[in-house]
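Secondary and tertiary structure notes
One letter stands for each residue in the lines below.
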Amino acid sequence: MQKVERQKHKDRRRGRLTGIILCAVLLAACVTGGLLLFREGKEQKPVPVSTGSVSGTIIKRGEEELESITVTQQGKDPWTVVRDEEGNLRLLTEGNTSSWSVDRIIGRALTDAAVNLTYEEVFSDNPEEWKSESWAFGLDEPMVTAVFRYTDGTEKKASIGYSSDTEGNNAAYYMSIDGDDRLYSVSAGTLEDLNVTLDMLHPVAQPEIRKALLDRITVKNGDGTIRREWALQGKITDRDSAENWILTVPYTYLADYDTIKGFLDTAENFRLGNYVGEADEESLKTYGLDEPASIIEFHMAQGSTGTVSDSGVYDVVDWEDSTVTLVLGAHKTDMISYALYGNEIYTVPDFTLQAFLETETLRTVARYTIATPLTSLKSIVVEKQGEEAVVYTVYKKEAETSEENGEGEKTEDPGYGCLRNGQEISYDMFSAAWDRLLTVTVSGKLPDGYVPGEPHTRYTIHTVSGAVHTVELSELDAMHDAVTMDGYTLFYLIKGGMTALPEAAQ
């Protein structure tokens, strides 16, 4: 029988391989018995030889001609979907179709494979060359078999297998069609379109978590008690809202800006995995949801969000306040858990929720002493024992008007100015000093239950959104001050650690 040469990648180093083969032939001529072609107990795979026919279409039908698709994955029970009058695919179970349509993306891929099945290359058009050794192409036990049925009563059965050389290189996917003598190679994409598990068919109702509207994230124990919580102080529309989050449980303290920003991004990008089933008493118990491990709530305030449509129009959508609740149950694997969302059970990748569940609480609070960026600052009052209070005020300068040629035209943006106790000082100097102040971080954590004494220095910060923040320093020991932010004391700072703001202009 003529051997069929298996598909090779074009980037193989043919010259080097040829040299190795020639050396092997010379060595074989020198040894007395010659080398065996097969090792004991193993068979050598045949190598498919291309017929030269590259890329083509096996099935070309109209979508309206498709009746049903039956898929059997290796080692699993088959499932069947049928096409309804609206063109949607529905799962067929015990003679009845499901009330839900197959996931839109998966249904589109299945339909396209059934009515427009293509191949990359024909490797043999002689069945005697490959069918007796179909195992070499993964076709004795195919990875997936699909049966496409059409409204005219005809059907096509396609089987796709996987094969590679002994070193695991040059992997290829081979396909056979019942009633067709040819051996085809197909793309990994064709296999992916058909290699669909039953639990992937059900559409997944993804939760809508809009980070622009988020104002509270709560993690609860299974019994409903709050384990940790972060909440926004103020309104979601405040310019400095990202800097105004606080940790409220297990203690209260200003939250770290970067951590909260990461939380908001993670929440908005969260996606459920596969649909498992409807929630009832038995399924809740089966998947560990009757006594959940954790409950996560994402609360969104009433507000509006906007997106730019494909036509370039900015669309605004108004939302009522809402809460997305995820109840987490048992683990399916080391990396996947079961989750209850609404009245349905899904799988969920553990890593998508680790930030909320496993981040050390202390790492989510601010380590810096000043959290207000200069763009959000309206004024700051500095009070020190035995000294007069100093007030710094940031303001927007008004643009001047030019009267040249008798026409009033405003000059370019003049920027910002700064007053110290009502007297003008260099805004650039204040800006540089404020940037240095924003880099001041605490030195360490105070013992639990520490009660600070009377402050010797107080900073009162007023923001453009109307919020007021306080930073108070009180003596801890000869080298350190306790830091109290917005009334909550958690850390200490080395004495003199707060950098200075500008003095009065000379």
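Our structure's up above, just so we're on the same page.
Not measured: the values here are computed from a predicted model.

1. Considerations on the overall build of the chain
- Counting its secondary structure elements, the chain contains seven helices and 32 strands.
- When the 506 residues of the chain are sorted by exposure, 40% land in the buried category.
- The long-range fraction of contacts in the chain, counting pairs at least 24 apart against all pairs at least 6 apart in sequence, stands at 63%.
- As displayed, the chain has an accessible area near 28500 Å², and 48% of this comes from carbon and sulfur atoms.

2. Let's talk about a negative patch on the surface
- A contiguous patch of negative charge, built from Glu278, Asp280, Glu281, Glu282, Asp290 and Glu291, is present on the exposed surface.
- Here Asp280 is to be found in the loop between β15 (275-278) and α5 (281-286).
- For Asp280, a relative accessible area of 42% puts it in the partly exposed group.

3. Points about the sheet that holds β15
- The sheet built from nine strands is open, its strands ordered β14-β13-β12-β11-β16-β19-β20-β21-β15 with antiparallel pairing. Of all the strands in the sheet, just β14 (253-254) and β15 have a single pairing partner and so form its edges.
- In this sheet, strand β20 (residues 336-341) lies alongside strand β19 (residues 322-331) in antiparallel orientation, the contact comprising three bridges. Bridge assignment links Val327 to a residue of β20, and that residue is Leu340.
- Packed onto the sheet, helix α4 (residues 257-269) meets β11 (214-221), β12 (226-232), β13 (245-249) and β16 (294-300) and runs at close to 85 degrees relative to β11.

4. A few points about the sheet that holds strand β2 (residues 66-73)
- Strands sit in the order β1-β6-β10-β9-β8-β7-β2-β3-β4-β5 across an open sheet of ten strands; the sheet is antiparallel. Both edges of this open sheet fall to β1 (54-60) and β5 (96-97), since each of them pairs with a single strand only.
- Relative to strand β4 (residues 89-93), strand β3 (residues 79-83) runs antiparallel, the two sharing four bridges. Paired with Val82 across the strands is Arg90, a residue of β4.
- Contacts from helix α2 (residues 104-115) reach β1, β2, β3, β4, β6 (116-124) and β7 (144-150), with the element oriented near 55 degrees to β6.

5. Looking at helix α7 (residues 427-438)
- Here α7 is twelve residues long and its end C-alpha atoms lie 16 Å apart, about the 16 Å a rise of 1.5 Å per residue gives.
- Within the span of α7, buried status applies to Phe430, Ser431, Ala433, Trp434 and Leu437. On an axial view of α7, the arc spanned by its buried residues comes to 165 degrees, and they lie on one face. For α7, the exposed residues set more than 90 degrees away from the buried face come down to Asp428 and Met429.

6. A closer look at the side chain of Thr372
- With respect to the helices, strands and loops of the structure, Thr372 is situated in the loop between α6 (354-358) and β22 (377-384).
- What Thr372 contacts, discounting residues up to four positions off in sequence, is Leu377, Trp434, Leu438, Ile461, Thr463 and His469.

7. Observations regarding the pairing of β13
- The pairing of β12 with β13 spans four bridges and is classified as antiparallel. Of the residues in β13, the one forming a bridge with Trp230 is Leu247.
- In terms of strand pairing, β13 meets β14 through two bridges, oriented antiparallel. By the bridge assignment, Ile246 is partnered in β14 with Leu254.
- Following β13, the chain reverses through three residues before pairing antiparallel with β14.

What counts and how
Residues numbered from 1 in each chain as written. Predicted model: local features only at pLDDT ≥ 70, side-chain atom pairs only at ≥ 80, totals over all residues. Heavy atoms only, no water. Helix = DSSP H or I, 4+ residues; strand = E, 2+ residues; numbered from the N terminus. Buried < 20%, exposed > 50% of the residue type's maximum accessible area, 1.4 Å probe, protein only. Contact = heavy atoms within 4.5 Å. Areas by Shrake-Rupley, 256 points an atom, 1.4 Å probe, with all protein chains shown as cover. Patch = residues over 30% accessible without salt bridge, like charges linked within 9 Å, V, L, I, M, F, W, Y side chains within 5 Å. Salt bridge = Lys/Arg side-chain N within 4 Å of Asp/Glu carboxyl O. Lys, Arg positive; Asp, Glu negative; His and termini not counted. Charge placed at Lys NZ, Arg CZ, Asp CG, Glu CD. Pairing = 2+ DSSP bridges. Axes fitted to C-alpha atoms, helices over the stretch in contact; angles between N-to-C directions. Expected span 1.5 Å × (residues − 1). Arc of directions from axis to C-beta.

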